[in-house]
Structure formats: C-alpha cells, structure tokens
Amino acid sequence: GKFAHSGMSMLLMNPMNHRLIDIIKSRQSRSLYLYFLSHFSAKARNSVRLVVVDLFQPYRRLIHDVFPNAIIVADHFHVVAQAYRAVQQVRIKVMKDYGSGTHEYKALKHFWKLLLQPIEQLDFGHYYRRRNFGYCQLSNSEVVDRLLAMSSELSTAYKYYQTLVNAVDNGSVTELNRLLSITWTALPGPFQKVQRTLRSHKQEIINSFAYGLTNGVIEGTNNKIKVIKRTAFGFRNFYNFRLRILLACSTSFLPKQKTA
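Residues numbered from 1 in each chain as written. Predicted model: local features only at pLDDT ≥ 70, side-chain atom pairs only at ≥ 80, totals over all residues. Heavy atoms only, no water.

**Q** How should I be thinking about the pattern of salt bridges in this particular structure?
**A** Note that side chains of opposite charge can pair when their charged atoms are close. Tallied over the entire structure, the rule returns five salt bridges. A salt bridge links Arg60 to Glu204; the shortest N-O distance between them is 2.6 Å. One end of the pair, Arg60, is in helix H3 (residues 58-66); the other, Glu204, is in helix H11 (residues 202-211), with 144 residues separating them in the sequence. One salt bridge in this structure joins Asp97 and Lys93, with 3.2 Å as the shortest N-O distance. Separated by four residues within a single helix, Asp97 and Lys93 lie in helix H4 (residues 76-98), roughly one turn from each other. The structure contains a network of salt bridges with shared partners spanning Lys93, Asp97 and Glu153. (Salt bridge = Lys/Arg side-chain N within 4 Å of Asp/Glu carboxyl O. Helix = DSSP H or I, 4+ residues; strand = E, 2+ residues; numbered from the N terminus.)

**Q** Please explain the nonpolar core as it appears in this structure.
**A** Across soluble globular proteins, nonpolar side chains show a tendency to be buried alongside one another. Membership of the largest hydrophobic core comes to 42 residues, with the highest contact counts inside it found for Val79, Phe133, Leu147, Tyr160, Leu164, Phe191 and Leu198. Within the residue set of this core, elements represented by two or more residues are H4, helix H5 (103-110), helix H6 (112-116), helix H7 (140-148), helix H8 (152-170), helix H9 (173-180), helix H10 (189-200) and H11. Discounting residues that sit within four places of it in the chain, Tyr160 has contacts with Leu179, Leu180, Leu187, Phe191, Val194, Gln195 and Leu198. Listed in part, the 15 residues of the second largest apolar core include Leu12, Leu32, Phe36 and Val66. (Core = buried A, V, L, I, M, F, W, Y, C linked by side-chain atoms within 4.5 Å. Buried < 20%, exposed > 50% of the residue type's maximum accessible area, 1.4 Å probe, protein only. Contact = heavy atoms within 4.5 Å.)

**Q** Looking at this structure, how should I read the environment of Phe191?
**A** The residue Phe191 is located in helix H10 in this model. Distance from Phe191 to Gln89, taken between C-alpha atoms, is 9.4 Å for residues 102 residues apart in sequence. In this structure, Phe191 is in contact with Ala83, Ala86, Val87, Val90, Ala157, Tyr160 and Tyr161, ignoring residues within four places of it in sequence.

Spelled out as structure tokens, the structure:
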C-alpha cells in the first residue's frame, strides 16, 4: 500500500501456531526497530528462539539486534523462488536467441510449465500428439528432454533448479552442499547471483531443514489481504486497513486498538 515510504507493510505471525500477531505499517528497518522496542520488553524479545523470514538482507541485522537469541530460518518458498525466477530468465533469453516465429521459440513458450514441474512428477507413461513437435506422440518427460536439447545453458539451469527443489523437499544437507559447491562462473548469468545469495544464507537454509518451519501460512494470509483490498477498492487509512485484516483473520488475538 501507500501507507509507508517503503511502499510495503509488514505481516507478523507466529510460525508455530499460526497466530496473527500484528500488521506493522512499514517494513523499513527504522520503523521495525521502533515497533519492536516499543511493543515488546527486552525479556520478551530475548525469549524469541526462531525467526522465519525471506532472504531480504537488511532484516538480518535487525533480527540480531532485536532478537539476540533467535536462530534465523530461511523460508523454503523464497529459497526456491530464487532459482524459479532464474530459470525463467534463462528460458526467455534462449527464446529470444532463436527468434519469434521459430519452432524452438514456440515450444519453449508453450511448455514452460513443464520445466518448472518437479522432475519426479513428470508424466512419462502417457503420450499425446504435440503440435510443436510435428505432431509426434510424446510424453511430458520426452517434451522436457527435447526442450533441454535446444540449449546447454537451459539444461544447466534446469538441473540446478531441480536439484535445489529436491534438496529443499527432502531436507538434504548433502545435496545442498554439493549444489552450492559448484563454481558460480560455470553457471548461466542469472544463476550466478542465485548461487552467491544461497551461499550467504546457507546456514539459514540448513536451519529450515532442521526445524521444518515455513512462511506458507503468511503467504496465504497475504493473498487474503489482497482480496480484502480489492473488494474494498483500497484503503486510505492504515488504522482501518489494519483493523479490517485483524477482523478477517480468525487467528488474530490482538486487541483491535490503534497502534503507531
């Protein structure tokens, strides 16, 4: 929303019991510092043991300062999303290299969802006529094989993405270590940034394997908030916006008082 200079507010939730704690007006570090210091005692903040958060780097210093005894847990969705976006960037680059109107361009555009599907879920037992491949009878698995054969860069990106998804789903530290040991210069351009980001948050990702906590419920609540905004045609007052969210969420236990 437009309630804060940052353009974004903050949703605070307990990852253990899914209780909605509060809606904070701004996600800027200064605003968050003031909120936590004014709303929670030092004893309460020191008792926090786990903080599940995305990979937004400025939050790290804030968490260490405000919750000195907390262990940071990287949210699975945001870990995988790093590679998800990079695969899409590589695919679009390969499409543009071939040029619009080509067989490869059309195939990569039409079957993009198959590249993002977990490899163990790809159907290899049913065959369909594929217009993009001369009406050959191909399974989804064979379609992916043909797409990857179009570009070695796309093939490398696909293997990286699938390995990361598998490591996160199975909580495999060994597989994660093997993936992050790859020299970043050997990866396609978009994945070089992903590799550096994941390396810097490696311990937090491993923590997520150990504790099994995610921000999935928060992402679902965010979608509910978007619906609230849309059906109300927007809000001009943050207090009314916050109050509407707290009333709509059954897990909220805060008094509906006005907060800074």
